[in-house]
Amino acid sequence: METKILPVDENSLRLAKVIIEHGGVVGMPTETVYGLGANAFDSSAVESIFKIKGRPNDNPLIVHVHAEYDLNLLVSEIPDYARKLAKVYLPGPLTMVYKSKGAVSGAVSCGLDTLAIRIPSHEGAQKFLKYVNLPIAAPSANVSKHVSPTSADHVYADLNGRIELILDGGKCSGGIESTVLDCTGKVPVILRSGLVTREMIAKVAGDCEEYVYREGGKALSPGMKYKHYSPKCRTKLFASNELSKAMEYYGEQIKKGVRAVIMCDSLTAVKVAGNVLDLGCTGAEIAANLYGKLREGEEIADEIIAIEPENQDGVMVGVMNRLKKACAELK
Ligand code: TXA
Ligand code: MG
């Protein structure tokens, strides 16, 4: 199968609709990362997402809908705080988990009685979702455990030949996956941190908790127990105050003939002599660049030596979560 990459226009949307209506999957842009979308009502289409990605079948998918879609068709019990949050932050990088009505295929939530809903703000995503006018189940469009894709080329690199179409909506502005927020209790609980931060949620909802998954414990969001975001090369992570240790390590690797590269923020990059992948300055810049730089690194290096950015603003909680998962161990 030849995978086409097409800009989002009338022509590609028509093709995308035909593919979706026939149980196929489509690579779609969002403001966070690219998704691999299928009709959420169609069990065999949803199951094919798991096969294409090699995704464990106990890790549920997020359903994407356009901004005018009636959520009452899919979920029940939308608490007041969730309505307030939706008003302020949607469309945008905030996924909300509700009690499911069981309208979509059971394969979407892997048997859970809840459903994660996301209304992306990306213009191309909204156009696609409106055009098909169906709830679209979509995980990130990478091979399972690899780095998430933030461009159509990244999707192509992972899934060429396995899907018919990638809608090209340019480079994702957000760069890390949406915040996943459990809205089934009295207080919202962050299951996965992202660009909508705990402070932002608490400001509108009055309160916000954060679930911390511990090895072997119960995973409220099953995705948390899996290894994620890993580049194909070796990785090593140093704390922001370990620059000299990192540089010493880098020097040793270079001496051994290892193709090593340093990944760090711009402030650190100016202090470093050698091969550098510069993540940028602000939390938003670092989030937007992280996955692209990890993918660039795995192409050019045997080992990425990452140094934690000094910047620790709200968005960095989500960035550090990904960076730690990507660089957790030598592979
Ligand atoms: O930004 C994003 O969220 C991207 C774009 C494509 O929208 N999607 C994405 O999907 O990151 P994925 O499949 O890579 O991650 C979905 C996360 C997983 O951690 C999964 O366990 C969690 O959402 N999740 C999905 N449904 C859930 C549910 N019913 N209850 C708890 N967690 C859920
Ligand atoms: Mg993913």
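Residues numbered from 1 in each chain as written. Chains lettered and ligands numbered in written order. Predicted model: local features only at pLDDT ≥ 70, side-chain atom pairs only at ≥ 80, totals over all residues. Heavy atoms only, no water.

*Asks:* What is the right way to look at the site of ligand 1 in this model?
*Replies:* Taken together, 27 residues surround ligand 1, and among them T32, N59, H64, R118 and S178 come closest. R55 is positioned such that a nitrogen or oxygen atom in its side chain is 2.8 Å from an oxygen atom of ligand 1. Here an oxygen atom of ligand 1 sits 2.8 Å away from a polar atom, N or O, in the side chain of N59. Elements that contribute at least two residues to the shell around ligand 1 include exactly β4 (62-64), β7 (114-118) and β11 (189-192). (Near = heavy atom within 4 Å. Polar contact = N/O pair within 3.5 Å; in protein donor to acceptor, adjacent residues only side chain to side chain. Helix = DSSP H or I, 4+ residues; strand = E, 2+ residues; numbered from the N terminus.)

*Asks:* Any chance you could explain helix α1 (residues 10-21) here in plain terms?
*Replies:* Residues spaced three or four apart along an α-helix point in a common direction, a consequence of the helix completing one turn every 3.6 residues. Taking 1.5 Å as the rise per residue, α1 with 12 residues should run 16 Å; its terminal C-alpha atoms sit 16 Å apart, in good agreement. Listing the buried residues of α1 in full gives S12, L13, A16, I19 and I20. When α1 is viewed along its axis, its buried side chains cluster within an angular range of 120° and face the same direction. Packed against the buried residues of α1 are β1 (4-7), β2 (26-28), β3 (35-39), α4 (123-132), β8 (136-137) and β9 (165-168). Following α1 by one or two positions, G23 has its phi on the positive side, about 80°. (Expected span 1.5 Å × (residues − 1). Buried < 20%, exposed > 50% of the residue type's maximum accessible area, 1.4 Å probe, protein only. Arc of directions from axis to C-beta. Contact = heavy atoms within 4.5 Å.)

*Asks:* Whenever I open this one, the packing of helix α3 (residues 80-89) against helix α6 (residues 198-205) confuses me. Can you help?
*Replies:* In a pair of packed helices, the angle between the axes and the distance between the axes together describe the arrangement. Remark: α3 packs on α6, axes separated minimally by 9 Å, with the N-to-C direction vectors making an angle of 120°. It follows that α3 is oblique to α6 by the angle criterion. α3 and α6 meet at a crossing whose hand is right-handed. When α3 is examined against α6, the residues Y81, K84, L85, V88 and Y89 are found in contact with a partner set consisting of M200, I201, V204 and A205. Looking at the contact of α3 with α6 residue by residue, the class counts come to eight nonpolar, no polar and one charged. (Axes fitted to C-alpha atoms, helices over the stretch in contact; angles between N-to-C directions. Parallel < 35°, antiparallel > 145°, perpendicular 65-115°, else oblique. Left-handed = near helix turned anticlockwise from the far one by under 90°. Nonpolar A, V, L, I, M, F, W, Y, C, P; charged D, E, K, R; others polar.)

The values are spatial; any link to function lies outside them.
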